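Architecture and fold: a report
As a plain string of letters, each chain reads:
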Amino acid sequence: MAETGAETGRERARHWQYAELPGVDLLRARYIRKSFVRHTHENFVIAAIADGVEVFHHGGADQYAGAGALALVNPDTPHTGRAGVPEGWRYGALYPPPEAVAAIAAETTTLRGTPGFATPVLDDPYTVRLVHQVLRATDEGNALAADTLLRVVVTRLLRLNGGSPPRRRVRTAGARTAARARVLLEERMAAPPTLEQLADELGTGPFALLRAFRDTYGMPPHTWLTDARVRRARLLLDAGTLPSEVAVAVGFTDQPHLNRHFGRIVGVPPGAYQRERKNVQDARRTFHVRSGVWQQNNRQHAQRYVTGPPREGNRTAPSSGTPWGSGSPSDFPDSPSG
């Protein structure tokens with residue numbers, strides 16, 4: 001698959017999917033000046049830092065992830081992202097859907113209920129290397145290695161850092177008001193009401209609504225709306241809609257407006273994002289995807305994650321090769337320790 005990612009100056013990024021890992025988003029990037037605004041993901045975020053430092057606001061505090069560490073974010077959890085050092089940070093990321101992670105947890109761990117990551121930063125060079133090898137395997141078209149290593153990565157992280165995702169404690173009445181506001185904003189995304197109009201319609205005051213919404217969703221309504229617009233924009237781009245048409249459909253004033261917000265949340269421009277989606281759609285017409293079912297964004301994804309338990313042993317990553325350089329998925333044992 002040709003690499004058609006975005007590159008700006010010394011910054012570069014590629015955001016793509018691989019036909020044999022349905023529903024899993026993939027990212028490889030080097031950012032220096034890039035700043036991600038507060039946003040969420042429907043999938044898990046497993047970001048493996050190769051060089052530099054990333055700082056991301058998560059859970060009410062700044063979190064620092066340097067080389068050899070992983071930044072871990074549960075679905076629908078607000079967070080930001082920026083460089084923590086002048087030279088920025090270089091990383092690779094996997095975004096597996098919740099149903100895939102839940103299937104892995106049920107098969108390979110003792111976690112019960114909804115699985116998630118307990119802490120947002122984990123220092124584990126071994127898994128950092130494995131994440132980059134998943135990405136390399138997709139580049140090489142090595143479906144067996146990509147599939148195997150992705151399962152190992154998720155299993156290892158759940159065993160080292162798994163738990164029940166933290167839940168926000170909000171008053172029942174406030175949560176109900178926030179949920180109703182969210183529905184109205186989704187319905188009127190292209191022409192949303194003002195805060196005062198929204199509050200009047202819900203029978204509350206603007207500041208009471210603002211407080212309830214922020215307590216429930218971790219961000220004010222206008223920030224949540226931008227995030228929701230970008231999510232819907234991604235679906236439309238996936239379906240082949242032109243970026244200029246997408247911008248209007250989701251409520252942005254024009255394509256440059258979409259480009260600005262899309263890049264500050266997804267990390268690449270809409271055009272580069274859509275080209276990669278076309279590549280993977282073309283690949284899916286060629287490859288036979290395995291049986292089993294994942295469902296993501298109303299699409300049926302064929303894949304069932306199963307993996308054997310990791311062996312006990314040394315947690316140190318092999319010293320040969322670099323996460324983005326030499327080495328191949330076959331450099332690793334059948335499963336890591338942990």
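Residues numbered from 1 in each chain as written. Predicted model: local features only at pLDDT ≥ 70, side-chain atom pairs only at ≥ 80, totals over all residues. Heavy atoms only, no water.

1. Examining unusual backbone geometry
The phi angle at aspartate 76 is positive, at roughly 60°, despite the residue not being glycine. Note on placement: aspartate 76 falls in the loop between β7 (69-73) and β8 (79-83). (Helix = DSSP H or I, 4+ residues; strand = E, 2+ residues; numbered from the N terminus.)

2. Focus: the packing of aromatic side chains
Taken as a whole and judged by the stated rule, the model has eight aromatic pairs. With centroids separated by 6.0 Å and ring planes inclined at 75°, the aromatic side chains of phenylalanine 213 and tryptophan 224 adopt a geometry described as edge-to-face. A residue pair is termed long-range when its members are at least 10 positions apart, and phenylalanine 213 in helix α6 (residues 206-217) and tryptophan 224 in helix α7 (residues 221-238) qualify at 11 residues. Under the relative-accessibility criterion, tryptophan 224 is labelled buried at 7%. The rings of Tyr31, Phe36, Trp89 and Tyr91 are connected pair by pair, giving a single aromatic cluster. Against the face of tryptophan 16 rests arginine 14, its NZ or CZ located 4.0 Å from the ring centre. Of note, lysine 34 hangs over the ring of phenylalanine 36, and the distance from its end group to the ring centre comes to 5.9 Å. (Phe/Tyr/Trp six-rings, centres within 6.5 Å; stacked < 30°, edge-to-face > 60°. Buried < 20%, exposed > 50% of the residue type's maximum accessible area, 1.4 Å probe, protein only. Lys NZ or Arg CZ within 6 Å of the ring centre and 35° of its normal.)

3. A word on the environment of asparagine 259
Relative to the assigned elements, asparagine 259 resides in helix α9 (residues 255-265). For asparagine 259, a relative accessible area of 30% gives the class partly exposed. Taking the C-alpha atoms as reference, asparagine 259 lies 9.8 Å from valine 230; in sequence the two are 29 residues apart.

4. Overview of the layout of surface pockets
Left-over empty space is what a probe sized like a water molecule reveals as it rolls over the atoms. Taken as a whole, the largest pocket holds about 1,000 Å³ of empty space. Lining the largest pocket are 40 residues, with Thr40, Pro75, Asp76, Thr77 and Pro78 positioned closest to its centre. For the lining of the largest pocket, the secondary structure elements donating two or more residues are β5 (45-58), β7, α1 (98-108), α4 (172-187), α6 and α7. Among the elements that make up the lining of the largest pocket, the one with the highest residue count is α7 (six residues). (1 Å grid on protein atoms, 1.4 Å probe; cavity = no way out; pocket = protein on both sides within 12 Å on 5 of 7 lines; lining within 4 Å. Points joined across faces, edges and corners; volume = space filled by probe spheres on them.)

5. Some points on the pattern of salt bridges
If you walk through the whole model with that rule in mind, you get 15 salt bridges. Note that aspartate 25 is salt-bridged to arginine 234, the shortest N-O span being 2.5 Å. On the criterion of sequence distance, the pair formed by aspartate 25 in strand β3 (residues 25-31) and arginine 234 in helix α7 is long-range, its members being 209 residues apart. As far as burial versus exposure is concerned, aspartate 25 and arginine 234 are alike and both buried. (Salt bridge = Lys/Arg side-chain N within 4 Å of Asp/Glu carboxyl O.)

6. Observations concerning the packing of α1 against helix α3 (residues 143-161)
Contact geometry for α1 and α3: axes closest at 10 Å, N-to-C directions at 70°. Judged on the interaxial angle alone, α3 and α1 are roughly perpendicular. In this structure, α1 meets α3 at a crossing whose hand is right-handed. Contacts between α1 and α3 involve Val101, Ile104, Ala105 and Thr108 from the first element and Arg151, Val154, Thr155, Leu158 and Arg159 from the second. Class assignment for the residues of the contact of α1 with α3 results in five nonpolar, two polar and two charged. (Axes fitted to C-alpha atoms, helices over the stretch in contact; angles between N-to-C directions. Parallel < 35°, antiparallel > 145°, perpendicular 65-115°, else oblique. Left-handed = near helix turned anticlockwise from the far one by under 90°. Contact = heavy atoms within 4.5 Å. Nonpolar A, V, L, I, M, F, W, Y, C, P; charged D, E, K, R; others polar.)

7. Looking at the pairing of β3
Among the seven residues in β3, seven count as buried, and that is most of the element. Where burial is concerned, the two faces of β3 agree: the one with Asp25, Leu27, Ala29 and Tyr31 and the one with Leu26, Arg28 and Arg30 are both buried. Bridge count for strand β2 (residues 11-17) against β3 is six bridges, and the pairing is antiparallel. Residue histidine 15 lies in a different strand from β3, and its bridge partner there is leucine 27. In the sheet, β3 pairs with strand β9 (residues 89-95) via seven bridges, with the strands oriented antiparallel. Bridge pairing links leucine 26 to leucine 94 in β9. (Pairing = 2+ DSSP bridges.)

8. Digging into empty space enclosed by the protein
Evaluation of the coordinates by the stated rule reveals two cavities of 30 Å³ or more. Empty space within the second largest cavity amounts to approximately 190 Å³. The wall of the second largest cavity is formed by 19 residues, among which His41, Val45, Glu54, His79 and Tyr95 lie closest to the centre. Listing elements by their share of the lining of the second largest cavity, those giving two or more residues are β4 (35-39), β5, β7, β8 and β9.

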